Amino acid sequence: MSSREKRAQKPSISAIKTMIEEATVDAYDEGEQAMGWQCALDEHLELPFITRVLGVEVKVERIELRDDNSIVAICNRGRERQAIPMLDLPLPKPPPAGWEWIAAYSYFCRGARS
């Protein structure tokens, strides 16, 4: 199996729970949890990468934490920039290195924290 194929394999629930613990350790409220996720995504997600949003190719340049504690991907196409909620961001095939952290963040946000 190639490294690209390994990269595209869905992480186990055990691995996801370990990532959740790492991202939210010492976080006492929603704001601290969001900051933990932003730091984890910044550290582990390989940026920039190219994906498609509504059929248009865009470059995901960076991750931002918003005032409402949401995490967005800042995408650009030419001179245009748009923030896409991380949970709505379509991933390319194969996904970028570190995409598992997006999967863990999604799992966390769906309320599967236990």
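Caption draft 1: Examining the overall build of the protein more closely. Per the secondary structure count, the protein includes four helices and four strands. Secondary structure elements in the protein, listed N-terminal to C-terminal, are α-α-α-β-β-β-β-α. On C-alpha atoms alone, the protein measures out to a radius of gyration of 14 Å, which is about the 13 Å that the 2.2 N^0.38 rule sets for 114 residues. Its C-alpha atoms give the protein principal-axis dimensions of roughly 40 × 40 × 20 Å.

Caption draft 2: Quick peek at the pairing of strand β1 (residues 49-53). Residue alternation in β1 divides its side chains into a buried set, Phe49, Thr51 and Val53, and an unburied set, Ile50 and Arg52. Alignment of β1 against strand β2 (residues 56-65), held across five bridges, turns out to be antiparallel. Residue pairing in the sheet places Val53 in a bridge with Val56 of β2. Linking β1 to β2, which pair antiparallel, is a turn of two residues; within it Leu54 sits at a positive phi near 50°.

About the thresholds
- Residues numbered from 1 in each chain as written.
- Predicted model: local features only at pLDDT ≥ 70, side-chain atom pairs only at ≥ 80, totals over all residues.
- Heavy atoms only, no water.
- Helix = DSSP H or I, 4+ residues; strand = E, 2+ residues; numbered from the N terminus.
- Rg over C-alpha atoms; globule rule 2.2 N^0.38 Å.
- Buried < 20%, exposed > 50% of the residue type's maximum accessible area, 1.4 Å probe, protein only.
- Pairing = 2+ DSSP bridges.

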